[in-house]
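Remarks on the overall topology
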Amino acid sequence: MGQSWCLIGLLLAYASGKKLWDVPVSQGQQHSTGKLHWEPQCQYQLRHLQDSARISALLPPRLEGHWISTGCEVRPGPEFLTRSYLFYSNRLFKAYQFYYWDPSCHHPSHSLVIKGKLRLRQASWITRGATEADYHLHKVGIVFHSQRAMQEISARINQTSGGGCSGFFPPGRSWAPGVLYEVLSAKEGRDCTTALGFAMHELSLVRVEKHYEPLLQTQLSGSRTVEELYLGDIHTKWSERLHYRPTGYQRPLQSAVHHAHPCPACGIIYRSDEHHPPILPAKAELPMQLSGRWVSAHCEVRPAVLFLTRYFIFHGNNRTWEGYYYHYSDPLCKQPTFTIYASGHYTKGVPSSIVRGGTELAFKVTCARVTAMDQVTVTMLNSSEPGTCGETGFWSAGMEQDITLTNGCLALGIKLPHTEYELFKMEQDMKDRSLLFIGERPTDGSSPDRPEKRPTSYQAPLIQCAGATGVFSKHISPRYLGKEDNNGNEALKPLPMAFLLSLMAMQFLRWD
């Protein structure tokens, strides 16, 4: 497995350019950032995701400054937290992690203050657009915000930590507000953080993006700069998180200076420290109203070198659904590899007993179709064993094939029929847009096909682009931006070396 990843990395480095920081960009025509007067909102949003003129990646990334959460975050477990990270010009950093009892981040449990040093290395060989980094922790301190938090966490540390930590918190010690207890000290050689499931491996994968947000005031023109810091993802399995080296990202932090507006949580988190944790306004739980159409807000990155956008249609009257998964080979979602269309039905949701604020559902996938978008994927599918993925030998770029009769597509990891046990949540952002959070995919690439594998955290949210009565008569097929063919249509432009990566990565791919 390790040798395969190294070979993939070498191919990726070659395909990405000769210089260390080279990032390939499309040479085709740029999409307009304006919305055409006849264009439905869902189509506009999907097209807008490919407008790379609005987004730029800073390579090598500039980390200096203050980066903050824009709201309450959910990590696998579940854990509810907010983050506030400061990076200095001398490579030192100071990071705050504030943990809570509730999904609104209104009732703090404890805070961690983490100090260390970070050194950026080279562009990642595994995750395109990312930078690898090394970090070293100097100190980690913990402050408890209630007697209950102190009792529960100290009991875990006393029971599960190694030598030198078993008596770190004497039984019966009463909670003292504001007292900082040192749970890791590089100088003294003590580390009592294992029981907390604590690791800062997120710092080993870094990406900084800058994009431009239109001003909300109708009388003003122009845009506002927003800078986002993407750090490595957290493994969905608790026992693996201490050893896992990220290949995807978690919810991004935003610059305290250049962040999206409005953002009431930003100021609260910015002014906080380990003695004064941010207390965000409590949120009412919204009812699960799935009916309508939902689309990705950004190009999404998953572990195992996957870039994609999603588009879903939910029919509440008969609880059926349709989904389009657009897969790409680049972190700006400009270079399509293949598209999956799936459909089926879902159960009535019930409140989650594990993740407060979440709703548990089961989704049955009964039909699926695949469209190969480049020649390498076509070759791979045509080379698959007959009867395992559509009609072998009849795949061609841009042409859709039904894979239902072959019970899915073995080459792409799709099995039909298929049931997944899901976790959903609905929120409303500060622009009054409806957001849909769907459960985070297992980091190991498997599927939540059993109730015990149901997610305990979420993917990036989808935005509602049309209600139940919206019309979307034809889905968008992502096309390469390239030269026109003889009929005046945009021609598919294969990128053979880049897609050798896709071909080899298929052995790790699991469909989501």
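It should be emphasised that the depicted structure is a prediction, and the values quoted were computed from it without experimental measurement.

1. Quick look at the overall build of the protein chain
When you go through the protein chain residue by residue, the secondary structure sums to 6 helices and 25 strands. Counting contacts in the protein chain only where the partners sit at least 6 residues apart, residues at least 24 apart contribute 61% of the total. Split by element, the accessible area of the protein chain, about 23700 Å² in all, is 53% carbon and sulfur.

2. Observations concerning the packing of aromatic side chains
Tallied over the full model, the rule gives 17 aromatic pairs. Between the aromatic rings of F363 and F424, the centroid separation amounts to 5.2 Å while the plane-to-plane angle is 20°, which identifies the pairing as stacked. Linking F363 in strand 19 (residues 359-372) with F424 in strand 23 (residues 418-428), this pair joins segments that are 61 residues apart in sequence. Of the two residues examined, F363 and F424, each falls in the buried class.

3. Quick notes on helix 3 (residues 147-160)
The end-to-end C-alpha distance of helix 3 is 20 Å, a good match for the 20 Å that 14 residues give at a rise of 1.5 Å each. When we look at burial in helix 3, the residues that qualify are A149, M150, I153, S154, I157 and N158. All buried residues of helix 3 fall inside an arc of 140° around its axis, so they share one side. In this structure, helix 3 carries Q159 and T160 as exposed residues pointing more than 90 degrees from its buried face. Here the buried face of helix 3 lies against strand 6 (108-123), strand 7 (131-144) and strand 8 (181-185).

4. Digging into the nonpolar core
One finds F87, I114 and L229 to be the most contacted residues of the largest nonpolar core, which totals 37 residues. At the level of secondary structure, the elements contributing two or more residues to this core comprise strand 4 (79-87), strand 5 (92-100), strand 6, strand 7, helix 3, strand 8, strand 10 (205-214) and strand 11 (223-231). With 5 residues, strand 7 is the single largest residue contributor to this core. Look past the residues within four positions of L229 in its chain and what remains in contact with it is L63, W67, F87, V206, R207, V208, P252 and L253. In terms of nonpolar packing, the next biggest core, distinct from the first, is built from 32 residues, L290, W395, I403 and C409 among them.

5. Considerations on the state of the cysteines
What the rule picks out here adds up to 5 disulfides. Disulfide pairing is shown between C42 and C465; the S-S distance is 2.1 Å. Between C42 and C465 the sulfur-sulfur dihedral comes to about 90°; the bridge is accordingly right-handed. With C42 in helix 2 (residues 41-49) and C465 in strand 25 (residues 462-466), this pair connects stretches of sequence that are 423 residues apart.

Parameters and conventions
- Residues numbered from 1 in each chain as written.
- Predicted model: local features only at pLDDT ≥ 70, side-chain atom pairs only at ≥ 80, totals over all residues.
- Heavy atoms only, no water.
- Helix = DSSP H or I, 4+ residues; strand = E, 2+ residues; numbered from the N terminus.
- Contact = heavy atoms within 4.5 Å.
- Areas by Shrake-Rupley, 256 points an atom, 1.4 Å probe, with all protein chains shown as cover.
- Phe/Tyr/Trp six-rings, centres within 6.5 Å; stacked < 30°, edge-to-face > 60°.
- Buried < 20%, exposed > 50% of the residue type's maximum accessible area, 1.4 Å probe, protein only.
- Expected span 1.5 Å × (residues − 1).
- Arc of directions from axis to C-beta.
- Core = buried A, V, L, I, M, F, W, Y, C linked by side-chain atoms within 4.5 Å.
- Disulfide = S-S within 2.5 Å.

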